[in-house]
Amino acid sequence: MSRAYWKQRLKDAFLVLGGGGVLFSSFLTIKGDEHFYAQCVMPILQQIVSPELAHTLSVKCISMGLVPLCRRHDSERLEVNVLGHRFRNPVGLAAGFDKHGEAIDGLFKMGFGFVEVGSITPKPQDGNPTPRVFRLSQDRAIINRYGFNSHGVEVVKQRLIFRGEKQKLLTAGKIPIIGVGGVSSGLDALQKIRAGASLVQLYTAFAFQGPPIIGKITRELDRLLLEQGFSCVSEAVGADERSNV
Ligand SMILES: Cc1cc2nc3c(=O)[nH]c(=O)nc-3n(C[C@H](O)[C@H](O)[C@H](O)COP(=O)(O)O)c2cc1C
């Protein structure tokens, strides 16, 4: 067999393996595989794009509905009723990701129980000069110095009206707590709920681990609620306080 023959075979093998690899990676990306996102997709993305560009591109893709499939059905245990609203699960996206209310539908499609839009300023403003967002990869942390860049309240209000959002506040004297800061697992969420939060939200873990983090947290939370004998989230709200009296 000639050298050219083996060279061609080697090329074919690389093509088949490479093609298979690309196909398999695409499958895991679309499927929203937790480990694949945490170990491959997000670290590679972070190597090639700056934090702000990654953020802008993510919001764009999500606003166009380009999100991993979420076929997961939240269990009834995760359902919460707060301020007269029904939430399919208590895990939401914190302020600062969808600052201008552009990707709400896609974010719900990914599995978030609620989405906080903003912060929104009264008038449009650019925020600080760039660079203004920094990753501390080893600490899995983000430094935010956006300086409240915002399309302004009028523009965002029109967007929300277009979506059919209605402001409805029925607090009946009770103000629910939303737990935020360092939520990246079901246990983190439950600790905040047991301490009195009715809902929890996250940002950094979503930025580092990608969309599959939502399914991971809700699945773990559901299992923990069951293990700790709670039939629903609201039964667990403030459980630590009650056991302290
Ligand atoms: C890049 C970035 C931008 C943020 N922008 C806002 C904002 O506009 N308004 C706000 O109230 N919080 C903002 N936050 C704070 C988050 O909403 C959240 O409270 C905080 O990141 C702690 O949660 P975490 O540990 O899950 O990230 C921002 C956070 C980050 C990382």
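Residues numbered from 1 in each chain as written. Predicted model: local features only at pLDDT ≥ 70, side-chain atom pairs only at ≥ 80, totals over all residues.

An unreviewed UniProt entry lists the protein chain under the name Dihydroorotate dehydrogenase (quinone), mitochondrial, with Hymenochirus boettgeri given as the organism. The protein chain has a UniProt comment under Pathway (unreviewed entry) that states "Pyrimidine metabolism; UMP biosynthesis via de novo pathway; orotate from (S)-dihydroorotate (quinone route): step 1/1." (UniProt positions renumbered as here; feature names shortened; annotations may be inferred.)

Which parts of the structure should I look at to understand the environment of arginine 132?
As for its placement among the helices and strands, arginine 132 is situated in the loop between strand E4 (114–115) and strand E5 (133–136). Note: C-alpha distance between arginine 132 and asparagine 144 (12 residues apart in sequence) is 6.5 Å. Setting aside residues no more than four positions away along its own chain, arginine 132 makes contact with Glu52, Gly127, Arg145, Tyr146 and Gly147. (Helix = DSSP H or I, 4+ residues; strand = E, 2+ residues; numbered from the N terminus. Contact = placed C-beta atoms within 7 Å.)

I would appreciate a short explanation of the sheet that holds E4 in the present structure.
Remark on secondary structure: sheet strands pair via backbone hydrogen bonds, oriented parallel or antiparallel. Taken together, the 4 strands give an open sheet; going across it, the order is E4-E3-E8-E7, and neighbouring strands pair in parallel fashion. Unpaired on one side and paired on the other, E4 and strand E7 (177–180) mark the two borders of the sheet. This element, helix H6 (residues 186–194), spans strand E3 (91–93), E7 and strand E8 (197–202) of the sheet and lies at about 145 degrees to E8. (Pairing = 2+ DSSP bridges. Axes fitted to C-alpha atoms, helices over the stretch in contact; angles between N-to-C directions.)

How should I be thinking about unusual backbone geometry in this particular structure?
Glycine aside, residues mostly have negative phi angles, and peptide bonds mostly take the trans form. Cis geometry is found at the peptide bond from glycine 118 to serine 119, where omega equals 5 degrees. The omega torsion of the bond from threonine 130 to proline 131 falls at -5 degrees, within 30 degrees of zero and hence cis. A positive phi angle, close to 50 degrees, is found at arginine 140, a residue other than glycine. Mapping arginine 140 onto the fold places it in the loop between E5 and strand E6 (141–144).

How should helix H8 (residues 212–227) be read in this particular structure?
Each α-helix winds once per 3.6 residues, and so residues spaced three or four apart point in a common direction. Across its 16 residues, H8 extends 23 Å between first and last C-alpha, which sits within 8% of the 22 Å expected from 1.5 Å per residue. Looking at H8, one finds that the buried residues are Pro212, Ile213, Ile214, Gly215, Ile217, Thr218, Leu221 and Leu225. At the C-terminal side of H8, glycine 229 shows a positive phi close to 80 degrees. (Expected span 1.5 Å × (residues − 1). Buried ≥ 20, exposed ≤ 12 C-beta atoms within 10 Å, placed from the backbone.)

How should I be thinking about the environment of phenylalanine 148 in this particular structure?
Summarising the element assignment, phenylalanine 148 is placed in the loop between E6 and helix H5 (153–163). Take phenylalanine 148: there are 14 C-beta atoms within 10 Å of it, and that puts it in the partly exposed class. Sequence spacing of phenylalanine 148 and glutamine 125 is 23 residues, and the spatial spacing of their C-alpha atoms is 7.6 Å. Not counting chain neighbours up to four residues away, the residues in contact with phenylalanine 148 comprise Ser119, Thr121, Gln125 and Gly127.

What exactly am I supposed to notice about the site of the ligand here?
Near the ligand you find 18 residues, and of these Ala94, Ala95, Gly96, Asn144 and Thr204 are the closest. Elements with a minimum of two residues in the shell around the ligand: E6 and helix H7 (204–209). Here the shell around the ligand is built from residues that sort into 10 nonpolar, 7 polar and 1 charged. (Near = placed C-beta within 6 Å. Nonpolar A, V, L, I, M, F, W, Y, C, P; charged D, E, K, R; others polar.)

Sorry, what's going on with the pairing of E8 here?
Sheet faces and side chains relate simply in a regular strand, where the side chains alternate between the two faces. Burial within E8 is extensive, with 6 of its 6 residues counted as buried. As paired elements, E3 and E8 share 3 bridges and run parallel to each other. Note that in E8 the partner of glycine 92 across the bridge is glutamine 201. Both E7 and E8 contribute to a ladder of 4 bridges, which runs parallel. The residue of E8 that forms the bridge with glycine 179 is valine 200. Crossover E7 to E8 through H6 is right-handed. (Right-handed = clockwise from strand over helix to strand, strands pointing away.)

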